[in-house]
Amino acid sequence: MNQETQASIMVVDDLPANLKLMETMLRTQGFGVRSFPRGRMALAAAGQQPPDLILLDINMPEMNGYEVCERLKSDPLLAPIPVIFLSALNETEDKVKALRCGGVDYISKPFQFEEVKARVDTHLKLYSLQRAAQFENERLEHAVAARTTELAEAIQRLKILDRSKNEFLNVISHEFRTPLNGLLGVGELVLYKLPASPESDDLRKMFKQSRQRILSMLDDAMLLTQIDVERERFAAGPVNLSLALKRAVVLTTELALSRQVRIAPLACEDGIVVGEEKLFVKAFHALLETAVKFSEPGQTVRIACTSDSDPIVVTIDGYGKTIPMPQLSKFFDLFSISETSTAGGDLGMRPSVAHRILELFDGAVSVTNLDPSGIRLTVALKSGDKNLQESGACLVSALQ
């Protein structure tokens, strides 16, 4: 507070001479002053028009300064107002009592006005800062409350949109497959009625690859959407890692043969990991396909794992081609790597699908280039606890 803002000061003293003196001195300093000879009158006036600071005498009839201060501090509206006691009582216990009942300072009479002015200025500044801080806190609380409401509403809208998106994609997937099956069926009939020739063989091969790619993209897109929208529907359980890898190898064999790439026998012992078997088979199938695509003809894709650690680590190595360094960090991002930017050719959504599946069950996958040329896909999987190990053993026995 300063003269420009004309702080309002209330002076309470039962001696008219003291009131007059204090009022005159404060007014000459640019303060607005109201004087009261009784505590009750001061309380009533403060309730109607709160001052910025109160100078309060202690020894007064009807109600002493301590009582006046306690009444002020019991009123939430008036409690923040700083109270400076002015009194001829100089005992330490008087000063302590004044501070305990809510006073911020104590000036002994007779006083020098320079001292009063200095303390008044100090406490007015503190009070101004406190009010500014309180105002800012209230503003922030309102802003946070408003933002929280907005976020809650946005989350609710997102849930509705996610649910609608999932329902829409399910419908689209179903409706898309119906005419697509007809289109693919007619195309297959037409192509296989063509006379045998190198050109027609190439067309049939291209048609088969395109058909597989379209259907695979539909399946992958639906799975990614379900993972994003309905994560809770995928329940984790014990999965025999060796069996999942063997099934993934079987699914990858056709692609490997077409590219003249061999898949080495598994170097993995039986181990139980946490996840869902069909999804893990799909993830390993996607990663094995990726390794095959980064392997030159005549090379061998190798799979190894450590089943006695937590997490259990699986490595899949392909030899012959590498990933450009700028692409390594975003290799598993959806559609981040185009066919023209990778020696492995068209990867589609397969790396991203594998990454999302493994992440769903607290797993992870990373990729590095090998020297000499090649790539290593490293998978970390959550090891099953004792109960899952026992469940997995039962699962293996049932499958054998």
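Right above here is the structure, for reference.
Residues numbered from 1 in each chain as written. Predicted model: local features only at pLDDT ≥ 70, side-chain atom pairs only at ≥ 80, totals over all residues. Heavy atoms only, no water.

1. Here we look at the environment of Pro51
Here is step 1 of the chain: Here Pro51 lies in the loop between helix H2 (39–48) and strand S3 (53–57).
Here is step 2 of the chain: With sequence-adjacent residues up to four places away left out, Pro51 is seen in contact with Ser8, Met10, Arg34, Ala46, Ile81 and Tyr127. (Helix = DSSP H or I, 4+ residues; strand = E, 2+ residues; numbered from the N terminus. Contact = heavy atoms within 4.5 Å.)

2. Thoughts on the state of the cysteines
Here is step 1 of the chain: Counted by the stated rule, this structure contains one disulfide.
Here is step 2 of the chain: Just so you know, Cys101 is unpaired, no disulfide at all, and the nearest cysteine sulfur is the one on Cys69, 3.9 Å from it. (Disulfide = S-S within 2.5 Å.)

3. A short note on the sheet that holds strand S10 (residues 312–319)
Here is step 1 of the chain: The sheet built from five strands is open, its strands ordered S7-S9-S10-S12-S11 with mixed pairing. Each having just a single partner strand, strand S7 (262–263) and strand S11 (364–370) make up the two edges of the open sheet.
Here is step 2 of the chain: In the sheet, strand S9 (residues 300–306) pairs with S10 via five bridges, with the strands oriented antiparallel. Across the sheet, Ile303 pairs through a bridge with Ile316, a residue of S10. (Pairing = 2+ DSSP bridges.)

4. What about the pairing of S10?
Here is step 1 of the chain: For S10, the tally of buried residues reaches six of eight residues, placing the bulk of the element in the interior.
Here is step 2 of the chain: Between S9 and S10, which pair antiparallel one after the other, the connecting turn spans five residues.
Here is step 3 of the chain: With eight bridges connecting them, S10 and strand S12 (residues 374–381) associate as antiparallel partners. Bridge pairing in S12 places Ile312 opposite Leu381. (Buried < 20%, exposed > 50% of the residue type's maximum accessible area, 1.4 Å probe, protein only.)

5. With respect to unusual backbone geometry
A negative phi holds for most residues other than glycine; trans holds for most peptide bonds.
Here is step 1 of the chain: Look at the link from Lys109 to Pro110: it is a cis peptide, with omega at -5°.
Here is step 2 of the chain: Relative to the assigned elements, Pro110 resides in the loop between strand S5 (105–108) and helix H5 (113–192).
Here is step 3 of the chain: Looking along the chain, the bond that leaves Asp371 and enters Pro372 is cis, with omega of 10°.
Here is step 4 of the chain: In this model, Gln260 sits at a positive phi of 60°, which is unusual for a non-glycine residue.
Here is step 5 of the chain: As for its placement among the helices and strands, Gln260 is situated in the loop between helix H7 (241–258) and S7.

6. So, the layout of surface pockets
Here is step 1 of the chain: As a volume, the second largest pocket reaches approximately 170 Å³.
Here is step 2 of the chain: Lining the second largest pocket, in full, are Pro50, Pro76, Leu77, Pro80, Ile81, Tyr127, Arg131, Gln134 and Phe135.
Here is step 3 of the chain: Of the residues belonging to the lining of the second largest pocket, the class tally is seven nonpolar, one polar and one charged. (1 Å grid on protein atoms, 1.4 Å probe; cavity = no way out; pocket = protein on both sides within 12 Å on 5 of 7 lines; lining within 4 Å. Points joined across faces, edges and corners; volume = space filled by probe spheres on them. Nonpolar A, V, L, I, M, F, W, Y, C, P; charged D, E, K, R; others polar.)

7. Some thoughts on the pairing of S9
Here is step 1 of the chain: Note that S7 and S9 share two bridges and pair parallel. Across the sheet, the residue bridging to Ile263 is Val301, located in S9.

8. Topic: the nonpolar core
Here is step 1 of the chain: Counting residues in each nonpolar core, the largest one holds 50 residues, and the members touching the most others are Leu241, Phe280, Phe284, Leu287, Val314, Ile316 and Leu377.
Here is step 2 of the chain: Those elements that provide at least two residues to this core are helix H6 (198–229), H7, helix H8 (277–293), S9, S10, helix H10 (350–360), S11 and S12.
Here is step 3 of the chain: Top contributing element to this core by residue count: H8, with 10 residues.
Here is step 4 of the chain: Among residues more than four places away in sequence, those in contact with Ile316 are Phe284, Leu287, Leu288, Ala291, Val301, Arg302, Ile303, Ile375, Arg376 and Leu377.
Here is step 5 of the chain: Membership of the second largest hydrophobic core comes to 24 residues, among which are Val12, Phe36, Val68 and Phe85. (Core = buried A, V, L, I, M, F, W, Y, C linked by side-chain atoms within 4.5 Å.)

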